[in-house]
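Architecture and fold: a report
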Amino acid sequence: MSDTLSFDSNNSGKNGKHGSKYQNAEPDDKNKNWLEGIFRKYYFYHYSQLELGELINEHEFGFRLFDGKIRRHLAFNDKKELYAYIIKFSPSDIFYSSSRYQSPTAEIDQKGWIGSDLIFDIDGKDLHLECAQSHNLVLCKDCSFISKGIISKCVGCNSTRLQIIDIPCARCIKSLNVEVKKLVEILDDDFGIDSECIFVYFSGNNGYHVHVVDKNFYNASAKKRNAFAQYLMGKGYLIESLGIRRNNEGVLIPMSNKILYNQGWRRRIFDSIHLPIQNHKIDDKFVKKYNRMQDANNNNIQDIINTHILDLSAKIDPNVTMDIHRIFRLSGSINSKSGLIKAFCKDLDSFNPFVDACFIGDSNVEIESKLNIKISLKGKQFSIKPGKNTLPEYVAAYMICKGIGDIQNQT
Amino acid sequence: MVRFGNKDLAKYPFLKEAFSYITKYDFKLEDLDSKDYLHLIDKAAEKIENYLFFGRFEYQINYSKTHETIVQEEVIIFLISLLLIKSISIDVVTKKFALMESMRFEKYLISDLNTADRDDKTIKLILYKIFEDLFSTKILLEVDVYNFYKIRINDYLDHPIAFQEKEWNLINRTLHNGFVYLDGSEIVRLFRNELYLLIIDRIKKMSITRIPDTIMAISKSIKSRWEQIHHSINAPVSNAVTPPCIQHIYDQISKGENLPHPARLLLGTFLIYSNKTLEEMLELFKRLPDFDEKITRYQLEHLAGKRGNSKRYFVPSCEKIKLENLCYETRICQGISNPTQLIRKKSGI
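Residues numbered from 1 in each chain as written. Chains lettered and ligands numbered in written order. Predicted model: local features only at pLDDT ≥ 70, side-chain atom pairs only at ≥ 80, totals over all residues. Heavy atoms only, no water.

Side note on a negative patch on the surface
Basically, it comes down to this: For patches, a residue must show more than 30% relative accessible area and have no salt bridge; joins then use 9 Å for like charges and 5 Å for nonpolar side chains, namely Val, Leu, Ile, Met, Phe, Trp and Tyr. Computed with the Shrake-Rupley method and a 1.4 Å probe, the accessible areas treat only the protein chains shown as cover for residues. Each salt bridge in this description consists of a side-chain nitrogen of Lys or Arg and a carboxyl oxygen of Asp or Glu lying within 4 Å of one another. A positive count includes Lys and Arg, and a negative count includes Asp and Glu. His and the chain ends are not counted in either. Here the site of a charge means atom NZ of a Lys, CZ of an Arg, CG of an Asp or CD of a Glu. Helix and strand labels come from DSSP, where a helix needs a run of H or I of at least four residues and a strand needs a run of E of at least two; each type is numbered from the N terminus.
A cluster of acidic side chains, namely A:Glu185, A:Asp188, A:Asp194 and A:Glu196, defines a negative patch on the protein surface. Considering the arrangement of structural elements, one finds A:Glu196 in the loop between α4 (170-189) and β11 (198-202).

Given below as structure tokens:
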């Protein structure tokens, strides 16, 4: 995912995965030049939005520029130096390491890793939401035709070289919130992480980043972080861990009188399938209830449990959590995929990314829309027709970042 | 500081507190040449022979003496055992001894942890100290919940077993409030590997200028008996390519490594598929440090469908083998989905 950069991201910007849509742009590309100016203006007036902790000089910075080039392994002595760099280059994306290093500018194996907060990434794409089928768009990389919905071939030229354009809706955000809450609950209950140490950020496009600032986990290796991720995703859970085993006939039976501390995944699963355990013991009452359930479901307990685990698990990207050298979008910086910023969510329930993460100015500009679309930003609904439209800068920036509109002239 | 009772220390002769019982009397290795120590040398030799040739760890501490003597004797027997193994100087033997000895200590720990009275603070403090000193892990007792033990998640993951076996993976442990919860036997099993490594480390680090003659004579006799029984390992599949996953298992056995359960299952099913007789298979499994003929015989017969529900187990697929981290794929594996296909390929079945 491109809200972060892994250590193998190169500096050339030729890597398609991380490439910018402006990497082949001409120097006089109107969209690129306009966005560059808009981003610079944002950073000039809203630099205080950038969330930088202490010891800024021990973190690695990375930037994606509007020409598609990626610059990594940079460090700054203080905030002033960083601001000067940002204003000078007006990058399309700004990344910052969660890790602290002795030498942040050195090559990965020479940096001298000190430690890192735990980071979890929840991406809307990974939730495979039904609503995405209706509001997402597909761009054909060959003929640039944009279709609505999810298709496997371009309607215009039959090409299969397609790129999905996320246009998240309020329902997508609601589903993402559910995932964040599940994650936070497991971190709190099982990992003993105080909610005050858990910081939730809207990624600026279609996801959330959850940062855990806890000294107990700061020095955890990549291997340990991977174990945390597998735990949170419920991957590899053995039914025997519930105190249930397969007998000689292959039927799953409870291990009677087994004393199991009823917490963690065990409690979560038993509660979810309405089979609570009393006093941590698998007693006769439990066995009776279990057998009734087994009979009613044609011995299909394993499938039922698997479904519940899927529902209860946190849909995180394990690669992000275990990669201790990854750099993450800096909080308060603009996401060039949407024009919205990565924003801290103090209260997830009241946070509305389409309002609270929208910071671009509202002067009117003229934009050529490539399609008919409704966009809701800063609490206003915009019905956009194909062709010329006069719209506030923040809507124009959203459309250009999504690749569905071209800037004309400022009015 | 925790004060150990003498009796407790006899069970844990690897602790430095136990060792102090012989150093304070100015004990030297040369003393072992004296007849006074013959009975202890014999006891150590008998223990090692039981370990190596019969896979038994039926060792009895002689509690009929004064506490001080019991500890001194157990520490000296432990030292003699290390010396014997050091002078036998066969890697497989060292590993087998370390495994059996760690299993013996593990048995004591399980018994102490499970029978310890809730109010008996001393025994618990001793056990906490063993874990903290030897393995740098702080364990705590959750007195309100059936005497479960708990260790911090981060500390738990410092133990290799947490990554080696599925049931020990974090996902299959009970986590609550930042701790991993384990019962008495589980917490000790967690440390088995560490105990094993600790014993190997002690043997390797021994630097002795002269091994007492009596010990040298016994070690030579054990060594020659071992070498007569164990010849170099040959891949038992003739006229066929040995799949790399199976070859890796043979290599592990040759090095005296213990095999995880899925590797035993793979090897067993593969040998059965290769039409090996039960005796031929036992000959191979015999080299495992924790070999138990009765159990192995039963399990192989079960895999062959001669026990239980008469279902014969087939060799696991490459996909399953990969999932179990037992795959050591090479170019010859291209296009196969089960290691048995390599045998067919070669023999033209």
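As for the nonpolar core
Note the cut-off: Joining through side-chain atoms within 4.5 Å is the link that ties buried Ala, Val, Leu, Ile, Met, Phe, Trp, Tyr and Cys residues into a set, and such a set is a nonpolar core. Relative accessible area decides the class of each residue, using a 1.4 Å probe on protein chains only: under 20% of the type maximum gives buried, over 50% gives exposed, and in between gives partly exposed. The domain limits used here are those given by an automatic or database domain assignment. Throughout, a residue-residue contact means that at least one pair of heavy atoms, one from each residue, lies within 4.5 Å.
Membership of the largest hydrophobic core comes to 190 residues, with the highest contact counts inside it found for A:Phe191, A:Tyr208 and B:Leu170. Both domains that meet at this core, namely domain 1 (119-210 + 219-233 + 346-358) and domain 2 (239-312) of chain A, each give it at least three residues. Filtering out sequence-adjacent residues up to four positions away, A:Phe191 remains in contact with A:Ile186, A:Phe217, A:Phe228, A:Tyr231, A:Leu232, B:Ile153, B:Leu170, B:Leu175, B:Asn177 and B:Gly178. Ranked by size, the runner-up nonpolar core spans 26 residues in total, among them B:Ile253, B:Ala263, B:Ile272 and B:Leu284.

Focus on the packing of helix α3 (residues 38-54) of chain B against helix α4 (residues 67-88) of chain B
Residues and elements named next belong to chain B. What counts here: Interaxial angles span 0 to 180 degrees and are taken between N-to-C directions of axes, which are lines fitted to C-alpha atoms, for helices over the stretch in contact. An angle below 35 degrees is read as roughly parallel, one above 145 as roughly antiparallel, one from 65 to 115 as roughly perpendicular, and any other as oblique. Handedness of a helix crossing follows the sense of rotation of the near helix relative to the far helix, less than a right angle counterclockwise being left-handed and clockwise being right-handed. Gly counts as polar in this scheme, as do all residues outside two lists: the nonpolar Ala, Val, Leu, Ile, Met, Phe, Trp, Tyr, Cys and Pro, and the charged Asp, Glu, Lys and Arg.
In the contact formed by α3 and α4, the axes pass within 9 Å of each other and the chain directions differ by 60°. Classified by the interaxial angle, the pair formed by α3 and α4 is oblique. Relative to α4, α3 is oriented so that their crossing is right-handed. Taken together, the residues of α4 that come into contact with α3 (itself represented by His 39, Leu 40, Ile 41, Lys 43, Ala 44, Ala 45, Lys 47 and Ile 48) are Glu 73, Glu 74, Ile 76, Ile 77, Ile 80, Ser 81, Leu 84 and Ile 85. Here the contact of α3 with α4 is composed, by residue class, of 10 nonpolar, two polar and four charged.

Some details on unusual backbone geometry
Residue and element names in this part refer to chain A. You will see that His 73, though not glycine, has its phi angle at about 60°, which is positive. Note that His 73 resides in strand β3 (residues 70-74). If you check the backbone angles, Asn 158 has positive phi at about 65° while not being a glycine.

Notes on the interface of chain A and chain B
Let me state the cut-off plainly: We define buried area as the total accessible area lost by two parts upon association, computed with a 1.4 Å probe and summed across both.
Listed as interface residues are 31 residues of chain A and, on the opposing side, 23 residues of chain B. When chain A packs against chain B, close to 2,200 Å² is buried across both sides, 62% of that on carbon and sulfur atoms. Considering only the surface of chain A that becomes buried against chain B, A:Lys224, A:Tyr231 and A:Tyr261 emerge as the three largest contributors, covering 29% of it. Across the chain A-chain B interface, the total number found is one salt bridge.

Re the domain arrangement of chain A
Residues and elements named next belong to chain A. Splitting chain A by domain gives domain 1 (119-210 + 219-233 + 346-358) and domain 2 (239-312). Taken over C-alpha atoms, the centre of domain 1 sits 32 Å from the centre of domain 2. Contact residues are listed per partner, giving six residues for domain 1 and seven residues for domain 2. Summed over both sides, the interface of domain 1 with domain 2 buries roughly 530 Å², with 37% coming from carbon and sulfur. At the junction of domain 1 with domain 2, the criterion picks out two salt bridges. Elements with a contribution of two residues or more to the side of domain 1 that touches domain 2: α4 and α6 (222-233). In terms of residue class, the side of domain 1 that touches domain 2 is made up of three nonpolar, no polar and three charged.

Quick look at the pairing of β3(A)
Residues and elements named next belong to chain A. What counts is decided by this rule: Two strands pair under a simple rule: DSSP has to find at least two bridges between them.
As paired strands, strand β2 (residues 61-64) and β3 are joined by three bridges and run antiparallel to one another. Residue pairing across strands places Phe 61 opposite Leu 74, the latter belonging to β3. Linking β2 back to β3 in an antiparallel pair, the connection comprises five residues, with Gly 68 at a positive phi of about 95°.

Quick look at the packing of aromatic side chains
Applied cut-off: Here a pair means two rings of Phe, Tyr or Trp (six-membered ring of Trp) with centres within 6.5 Å. Their orientation is stacked below 30 degrees between planes, edge-to-face above 60, and tilted elsewhere. Only lysine NZ and arginine CZ atoms are considered, and such an atom sits over a ring when it is within 6 Å of the ring centre and within 35 degrees of the ring normal.
Under the criterion given, the structure shown has 34 aromatic pairs over all chains. A centroid spacing of 5.4 Å and a plane angle of 80° characterise the contact between A:Phe191 and A:Tyr231, whose relative ring orientation is edge-to-face. Placement of the pair is A:Phe191 in the loop between α4 and β11 and A:Tyr231 in helix α6, with a sequence separation of 40 residues. The same class applies to A:Phe191 as to A:Tyr231, namely buried. A centroid spacing of 5.6 Å and a plane angle of 85° characterise the contact between B:Tyr273 and B:Phe314, whose relative ring orientation is edge-to-face. Of the two residues, B:Tyr273 is situated in helix α12 (residues 261-273) and B:Phe314 in the loop between α14 (293-303) and α15 (318-323); the sequence distance between them amounts to 41 residues. Put simply, the rings of A:Phe61, A:Phe63, A:Phe76, A:Tyr85, A:Phe89 and A:Tyr96 pair up and form one aromatic cluster. In this structure, A:Arg268 is placed above the aromatic ring of A:Trp265, and the distance from its NZ or CZ to the ring centre is 5.2 Å. The aromatic ring of B:Phe53 is capped on one face by B:Arg225, whose charged end is 4.1 Å from the ring centroid.

Details of the pattern of salt bridges
Close approach of charged atoms lets side chains of opposite charge pair. By the definition in use, this model includes 28 salt bridges over all chains. Between A:Glu393 and A:Lys41 there is a salt bridge; the shortest N-O distance is 3.4 Å. Here A:Glu393, found in helix α12 (residues 393-402), pairs with A:Lys41, found in helix α1 (residues 30-45); they are 352 residues apart in sequence, far enough to count as distant. The exposure class of A:Glu393 is buried, given its relative accessible area of 2%. A salt bridge links B:Lys95 to B:Asp91, with the nearest nitrogen and oxygen atoms 3.7 Å apart. In this pair, B:Lys95 and B:Asp91 are both assigned in helix α5 (residues 91-115), four residues apart and thus about one turn of the helix distant. Classification of B:Lys95 as buried rests on a relative accessible area of 12%. Overall, B:Asp91 belongs to the partly exposed group, its relative accessible area being 43%. A network of salt bridges, in which partner residues are shared, links A:Glu60, A:Arg72 and A:Lys111.

Here's the deal with the side chain of B:Ser219
Residue and element names in this part refer to chain B. Operational definition: Whenever two N or O atoms come within 3.5 Å, that pair is a polar contact, provided that in protein one can donate a hydrogen and the other can accept it, and provided that, for residues adjacent in sequence, both atoms are side-chain atoms.
Mapped onto the fold, Ser 219 is located in helix α10 (residues 213-229). When its relative accessible area of 2% is taken as the criterion, Ser 219 is described as buried. Here the side chain of Ser 219 touches Met 216 through a polar contact of 3.0 Å, landing on its backbone oxygen. Leave out the neighbours within four places in its chain, and Ser 219 touches Leu 84, Ser 87 and Ile 88.

Focus: the sheet that holds strand β4 (residues 179-182) of chain B
Residues and elements named next belong to chain B. Overall, antiparallel pairing links the four strands, which are arranged β1-β2-β4-β3 in an open sheet. At either end of the open sheet lies a strand with only one pairing partner, and these are β1 (139-142) and β3 (174-176). In this sheet, adjacent strand axes meet at a mean angle of 35° when their direction is disregarded. Note: β3 against β4, three bridges, orientation antiparallel. Bridging from a neighbouring strand, His 176 pairs with Phe 179 of β4.

Let's talk about the UniProt feature "active site" (unreviewed entry) in chain A
Residue and element names in this part refer to chain A. What counts here: UniProt positions are given in the numbering used here, feature names are shortened, and annotations may be inferred rather than shown by experiment.
Within this numbering scheme, the UniProt entry marks Asp 121, Asp 123 and Asp 317 as carrying the feature "active site" (unreviewed entry). For this annotated set, covering 197 residues, all C-alpha atoms fall within 7.6 Å of each other, a compact arrangement in space. Among the secondary structure elements, Asp 123 is positioned in strand β7 (residues 118-123). The exposure class assigned to Asp 123 is buried, which follows from its relative accessible area of 8%. At 3.0 Å, the side chain of Asp 123 and the backbone nitrogen of Lys 125 are in polar contact. In this structure, Asp 317 sits in the loop between α9 (301-312) and α10 (318-322). Within the structure, Asp 317 has its side chain in polar contact with the backbone nitrogen of Asn 319 (distance 3.0 Å).

Re helix α13 (residues 278-285) of chain B
All names here are of chain B. Operational definition: The directions considered for the arc are those from the helix axis to the C-beta atoms.
Every buried residue of α13 is accounted for by Met 281, Leu 282, Leu 284 and Phe 285. The buried residues of α13 occupy an angular sector of 160° when projected down its axis, which confines them to one face. Against α11 (244-254), α12 and α14 lie the buried residues of α13.

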